Amino acid sequence: MHHCQTLLQAARIVTQDAQRRVLSNAALAIDQGIIVDIGPSAELSSRWQADSCLHLEDRLVLPGLVNAHTHAAMTILRGLADDMPLMDWLQQRIFPVEQRLTPRLVRLGSLLGFAEMLRTGITACTDMYIFENAVLEAADQAGIRCLAGEGVFAFPSAACAQPSAALTVTRELAAQYQGHERLRVAVMPHSVYTTTPEILAACRDLAQELNLPLHMHLSETQEETRLCQEAHGRRPVDYCHNLGLLDLPCSLAHVVDVNSAEVATLRQHGVVVVHNPSSNMKLASGTAPVTEMLEQGLTVALGTDGAASNNRLSVFTEMRRAALLHKLRTANPVSMPAQAALDMATLAGAAALGDARLGSLEKGKAADCVALDISEPNMLPLHNEASQLVYAATGMETRLTMVGGEIVYQDGRFTRFDYPALCAEICDLRAFLWRAAGLA
Ligand SMILES: [Zn+2]
C-alpha cells in the first residue's frame, strides 16, 4: 500500500492524454500537488492509502481550463460601456476610468475576476494589466495559477509614468515571484500601436536577460495592420519578427488580421496564438483564421480577454463560441469539432503559459482539475463528454476547483478568501466608477 494525500474518485475522468481517454469510475491519487496515479477507482483504492478521500462519484472531472489572455481587474468595468465603436469605447469610457485606478481597485477587480474563473472551471490564466503587483496579490489570495505582466505603454498609465517604469516593475516582480509554485511573470508590451520600436526592443532585451516569456496583443484588427504599415512600413507580424520578439517564448492575443505567410512565420517560431472569439465578436474586430492556423500546425489557445469586452470570464463560453464561429466562418459544420475546442482550452492553454505540467490529467502532471455536476438538466444524458463540455456546459456546473492538489472552490464556497466581503466592496465601487466614466 502506498500513501498519498488525496484520493479523488469520480464517475468520469476526461484525461486529455495523448489518446484523449475518458475513464469511467476512475480515480486520481494526488500527493504534493502532483497526480501520482490515475486509473480505475477500485484499483487505486486498493493501491493507495490516502489522508483524505474526495467522493465525486456523481461528477465529471476534467483538467482545469486555461484562460490564456485576460485582464482580470476589468471586471469592475463590466457593463459600464457596451455596444460602442472600439475607439469611442476605449477613449470615452475605459481609459478615463483606467487613469483613476489604484492598486486597491485593481486588487478587488482581479479577485472578482479570479473568483469568476475558479467558479467556472478555470485553474490558470495569463493576465496583463497595470498595477500588476496588485493582480498577483489577488491571484495568490484566490489560489489560481497566473502568468502575469505589467502592461508596457508608450504613454503614462495610472501605475507607470514611463515605459521604463513598467519594465522596472516587471524586473521587480520577476525577482519577487521567482520559484513561486503558482505565479510567474512575463514581459507584456501592450501592443504594436501603443508602443514604439525602442520600447519593444527594450522588452525583448529584458525578456532575454531574465529568461521570461513575452505576451502581447497582435494583429487584432485591420486598422492595426494599416497603422503599423503606415508607421513602420511592415505588417504587425513582420514588424515583431524583425524586432526579434518571435524568437522569445511568446504568446500573442487575437491574431485576427493575418495571412497564410504570417501564420507560417508564427508556426516556425513556435509562437502560441490566443484566440478570443467573444471579444472579437463584441468589438467586431474580425474573425481569426483559426481553422487554417490549426491546419498549418500552429498551437491556438483560448482567452476571454477582459470583462469589459466579453463580458464573461468563462472558457466554457469561449470553447462553444470558437466551435460555432469557425463553422460559420468556413461554412462547414465539420470545422472545429468539439474535441479541437477542448484541446485549445486545455493542452494549448498549457503551451501558451509555457507550463507542461498543465492541460491533462496524467501521472506526473499538476493536480489542477475541476468537477462538474452532470445531473444538471443541460448535462443529461451524457453520450459524448467532449460534446457535452463544449456545446452544452455553461461553466456554472462547476462544483469543485482544485489547483495543485488544493481545493480552492467547492459547492458555492471559495476556500481562501471571504467572497461575501468582496461582493460588498465591489458594490461600494459603483458610484466611483460611474463618476470616473462620466456617467454621473
Ligand atoms: Zn486584451
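Criteria and thresholds
Residues numbered from 1 in each chain as written. Predicted model: local features only at pLDDT ≥ 70, side-chain atom pairs only at ≥ 80, totals over all residues. Heavy atoms only, no water. Helix = DSSP H or I, 4+ residues; strand = E, 2+ residues; numbered from the N terminus. Rg over C-alpha atoms; globule rule 2.2 N^0.38 Å. Buried < 20%, exposed > 50% of the residue type's maximum accessible area, 1.4 Å probe, protein only. Contact = heavy atoms within 4.5 Å. Lys, Arg positive; Asp, Glu negative; His and termini not counted. Charge placed at Lys NZ, Arg CZ, Asp CG, Glu CD. Donors = N, O, S within 2.8 Å, 3.2 Å for Na, K, Ca; no water. Salt bridge = Lys/Arg side-chain N within 4 Å of Asp/Glu carboxyl O. 1 Å grid on protein atoms, 1.4 Å probe; cavity = no way out; pocket = protein on both sides within 12 Å on 5 of 7 lines; lining within 4 Å. Points joined across faces, edges and corners; volume = space filled by probe spheres on them. Nonpolar A, V, L, I, M, F, W, Y, C, P; charged D, E, K, R; others polar. Core = buried A, V, L, I, M, F, W, Y, C linked by side-chain atoms within 4.5 Å. Domains from an automatic or database assignment. Axes fitted to C-alpha atoms, helices over the stretch in contact; angles between N-to-C directions. Parallel < 35°, antiparallel > 145°, perpendicular 65-115°, else oblique. Pairing = 2+ DSSP bridges. Right-handed = clockwise from strand over helix to strand, strands pointing away.

**Overview of the overall build of the chain**
For the chain, the helix and strand inventory stands at 17 helices and 17 strands. Against the compact-globule benchmark of 22 Å for 440 residues, the chain has a radius of gyration of 21 Å, which places it among compact chains. The dimensions of the chain, computed from C-alpha atoms along their principal axes, are 65 × 45 × 45 Å. Counting over 440 residues, the chain shows a buried share of 60%. Residue pairs in contact within the chain that sit at least 24 positions apart in sequence constitute 73% of those at least 6 positions apart. Computing the positive centroid from 34 side-chain charges and the negative centroid from 47, the chain places the two 2 Å apart.

**Focus: the coordination of the zinc ion**
Here the zinc ion is held by His69 (NE2), His71 (NE2), His217 (NE2) and Asp305 (OD), and the distances to it run 2.1 to 2.2 Å. Along the chain, the residues donating to the zinc ion are arranged with the sequence spacing H-x1-H-x145-H-x87-D. One end of the pair, histidine 71, is in the loop between strand S5 (65–70) and helix H2 (86–98); the other, histidine 217, is in strand S10 (residues 214–218), and 146 residues separate them in sequence. When sorted by exposure, histidine 71 lands in the same class as histidine 217, which is buried.

**With respect to unusual backbone geometry**
A cis amide bond, omega 0°, links asparagine 310 with the succeeding residue asparagine 311. With respect to the secondary-structure elements, asparagine 311 resides in the loop between strand S13 (299–302) and helix H12 (315–330). Cis geometry is found at the peptide bond from leucine 380 to proline 381, where omega equals -15°. Of note, proline 381 is situated in the loop between strand S14 (369–373) and helix H15 (385–392). For asparagine 25, which is not glycine, the phi torsion reads 45° and is therefore positive. Among the secondary structure elements, asparagine 25 is positioned in strand S2 (residues 22–31). In this structure, serine 219 takes a positive phi of about 50° despite not being glycine. Note on placement: serine 219 falls in the loop between S10 and helix H7 (222–232).

**Quick notes on the pattern of salt bridges**
Evaluation of the coordinates by the stated rule reveals 25 salt bridges. Close ionic contact of arginine 226 with glutamate 223 constitutes a salt bridge, the shortest N to O distance being 2.9 Å. Residue arginine 226 and its partner glutamate 223 are located together in helix H7, separated by three residues, close to a single helical turn. Judged by its relative accessible area of 39%, arginine 226 is partly exposed. Between glutamate 262 and arginine 235 there is a salt bridge; the shortest N-O distance is 2.9 Å. One end of the pair, glutamate 262, is in helix H9 (residues 260–268); the other, arginine 235, is in the loop between H7 and helix H8 (236–242), with 27 residues separating them in the sequence. Residue arginine 235 is classed as partly exposed on the basis of its relative accessible area of 22%. Put simply, Asp58, Arg59, Asp373, Glu376 and Arg399 are held in one network by salt bridges that share partners.

**Looking at the layout of surface pockets**
For the largest pocket, the calculated volume is near 570 Å³. Taken together, 31 residues line the largest pocket, and the ones lying closest to its centre are Leu90, Phe95, Glu98, Phe153 and His190. Elements with a minimum of two residues in the lining of the largest pocket: H2 and strand S6 (122–129). The element best represented in the lining of the largest pocket is H2, accounting for eight residues. For the lining of the largest pocket, a count of residues per class yields 17 nonpolar, eleven polar and three charged. Taken as a whole, the second largest pocket holds about 220 Å³ of empty space. Contributing to the lining of the second largest pocket are Thr75, Ile76, Arg78, Gly79, Leu80, Leu112, Ile426, Cys427, Arg430, Leu433 and Trp434. Here the element with the most residues in the lining of the second largest pocket is helix H17 (residues 430–436); it accounts for three residues.

**Here we look at the nonpolar core**
Most often, soluble globular proteins keep nonpolar side chains buried together rather than apart. Membership of the largest hydrophobic core comes to 119 residues, with the highest contact counts inside it found for Phe114 and Met319. The element best represented in this core is helix H3 (residues 103–119), accounting for nine residues. Counting the residues that make up this core, at least three belong to each of domain 1 (2–63 + 367–404) and domain 2 (65–352). Sequence-distant contacts of methionine 319, that is, excluding residues within four places in its chain, are made with Leu65, Leu302, Ala341, Leu342, Ala345, Leu389 and Val390. Counting 18 residues, the second-largest nonpolar core is a separate cluster that includes Leu28, Ile30, Leu56 and Ala371.

**Things to note about the packing of helix H13 (residues 338–345) against H15**
Contact geometry of H13 with H15 gives a least axis separation of 8 Å together with a crossing angle of 75°. Judged on the interaxial angle alone, H15 and H13 are roughly perpendicular. Seen from H13, the contacting residues are Ala338, Gln339, Ala341 and Leu342; seen from H15, they are Ala386, Ser387, Leu389, Val390 and Tyr391. When grouped by side-chain class, the residues that make up the contact of H13 with H15 number seven nonpolar, two polar and no charged.

**Details of the pairing of strand S11 (residues 250–254)**
Burial within S11 is extensive, with five of its five residues counted as buried. Across five bridges, S10 lies against S11 in parallel orientation. In the sheet register, histidine 215 faces S11, and the bridge partner there is serine 251. For S11 and strand S12 (residues 272–275), the ladder comprises three bridges, and the chain directions are parallel. From the neighbouring strand, leucine 252 faces S12, where its bridge partner is valine 273. Handedness of the crossover is the feature at issue here: the chain leaves S11, passes through H9, returns alongside S12, and the resulting connection is right-handed.

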